Amino acid sequence: ASRFLAGWLSAEDLTRGLGQIEALDGYGAGAAGPTLKALALLLANRLEPARAALVQARSIDDDAPLTRYLSAKVWLLLGRYTAAEALLDDLGDEAIPCEGCDDVPLLHGLALEGSDQTDDALELYEALRHAGRYQGIVHLRIGRLLLRLGRETEAGIALDQARRYRLGQQERNLLYDIIQEQGYDPLR
């Protein structure tokens, strides 16, 4: 399955090999096949089939951290924030829930924001900031959330702090858009 997925994921057109993914349905007796299938479908942005594969995987093994993590991601992408928050809350209690799941606290913050638990989201982001984790991203998220809550002065400070960190392309674009919308000088 790993060799199959490695070749499929390295292909330029991910949608081209989706028909072959069906071969993973019967892989082994555990949740590995449906989970790998869901991962491939998620990477191809096929959310509903990925969700169905994860439902199948969770019916086999509901305690698998990777399956719960991928389920939470799919729920977030589908806009089902409460369902994602419940899964991420459980995963957040584990130190390192699974390989490659190091963004669980950030996803949990997004789920809290989406389910209108803004105070809890702000508290989570502040805890991450004080712990020194995800510094630039956390400042950006705090600033964006404070703007949403109408606390412009505090938001400006957080956004200014976010500018001091190395951010990925997506976060830099978001920061620039927010700064421009708020009338700040991005070249300051």
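Note: the structure precedes this text.
Everything numeric in this text was worked out from a predicted model, so none of it was measured.

**Section: the overall build of the chain**
Counting its regular elements, the chain contains 10 helices and zero strands. For the chain, the sequential pattern of α-helices and β-strands runs α-α-α-α-α-α-α-α-α-α. For the chain, with 188 residues in total, the buried portion stands at 40%. Counted over contacts in the chain with a minimum sequence separation of 6, partners at least 24 positions apart contribute 46%. For the chain, the exposed surface amounts to about 10500 Å²; the carbon and sulfur share of it is 49%.

**Thoughts on the packing of helix α8 (residues 135–148) against helix α9 (residues 152–162)**
With their axes 8 Å apart at the nearest point, α8 and α9 run at an angle of 160° to one another. When the interaxial angle is binned, α8 and α9 end up roughly antiparallel. Helix-helix and strand crossings are classified by hand; for α8 and α9 the assignment is left-handed. Contacts between α8 and α9 pair G136, H139, L140, I142, G143, R144, L146 and L147 from the former with E152, E154, A155, A158, L159, Q161 and A162 from the latter. Considered class by class, the residues forming the contact of α8 with α9 number eight nonpolar, four polar and three charged.

**Side note on the pattern of salt bridges**
Scanning all chains against the criterion turns up eight salt bridges. When the shortest N-O distance is used, the salt bridge between E113 and R144 registers 3.3 Å. Pair noted here: E113 is in helix α6 (residues 104–114) and R144 is in helix α8, with a separation of 31 residues, a long-range link. Overall, R144 belongs to the partly exposed group, its relative accessible area being 26%.

**Examining the environment of A84**
You can see A84 is positioned in helix α5 (residues 81–92). With 13 residues separating them in the primary sequence, A84 and S71 have C-alpha atoms 7.4 Å apart. Setting aside chain neighbours within four positions, we find A84 in contact with A72, W75, L76 and A111.

**Points about the packing of helix α7 (residues 118–131) against α8**
With their axes 9 Å apart at the nearest point, α7 and α8 run at an angle of 155° to one another. In terms of axis orientation, α7 runs roughly antiparallel to α8. Taken as a pair, α7 and α8 cross one another with a handedness that is left-handed. On the side of α7, the interface is formed by T118, A121, L122, Y125, E126, L128 and R129, while α8 contributes Q135, V138, H139, R141, I142, L145, L146 and R148. When the residues that make up the contact of α7 with α8 are grouped by side-chain class, the tally is eight nonpolar, three polar and four charged.

**Focus: the side chain of H139**
Inspection of the secondary structure assignment puts H139 in helix α8. Here H139 falls in the buried class, since its relative accessible area comes to 3%. Not counting residues within four places of it along the chain, the set of residues in contact with H139 comprises R129, A158, L159, Q161, A162 and Y165.

**Re α7**
In this model, α7 (14 residues) spans 20 Å end to end at C-alpha, consistent with the 20 Å of a helix rising 1.5 Å per residue. By the burial criterion, the buried members of α7 are T118, A121, L122, L124, Y125 and L128. Looking straight down α7, one finds its buried side chains confined to an arc of 160°; they lie on one side. Of the exposed residues in α7, the ones pointing more than 90 degrees away from its buried face are D119, E123, H130 and A131. Tucked into the core, α7 has its buried residues touching α6 and α8.

About the cut-offs
Residues numbered from 1 in each chain as written. Predicted model: local features only at pLDDT ≥ 70, side-chain atom pairs only at ≥ 80, totals over all residues. Heavy atoms only, no water. Helix = DSSP H or I, 4+ residues; strand = E, 2+ residues; numbered from the N terminus. Buried < 20%, exposed > 50% of the residue type's maximum accessible area, 1.4 Å probe, protein only. Contact = heavy atoms within 4.5 Å. Areas by Shrake-Rupley, 256 points an atom, 1.4 Å probe, with all protein chains shown as cover. Axes fitted to C-alpha atoms, helices over the stretch in contact; angles between N-to-C directions. Parallel < 35°, antiparallel > 145°, perpendicular 65-115°, else oblique. Left-handed = near helix turned anticlockwise from the far one by under 90°. Nonpolar A, V, L, I, M, F, W, Y, C, P; charged D, E, K, R; others polar. Salt bridge = Lys/Arg side-chain N within 4 Å of Asp/Glu carboxyl O. Expected span 1.5 Å × (residues − 1). Arc of directions from axis to C-beta.

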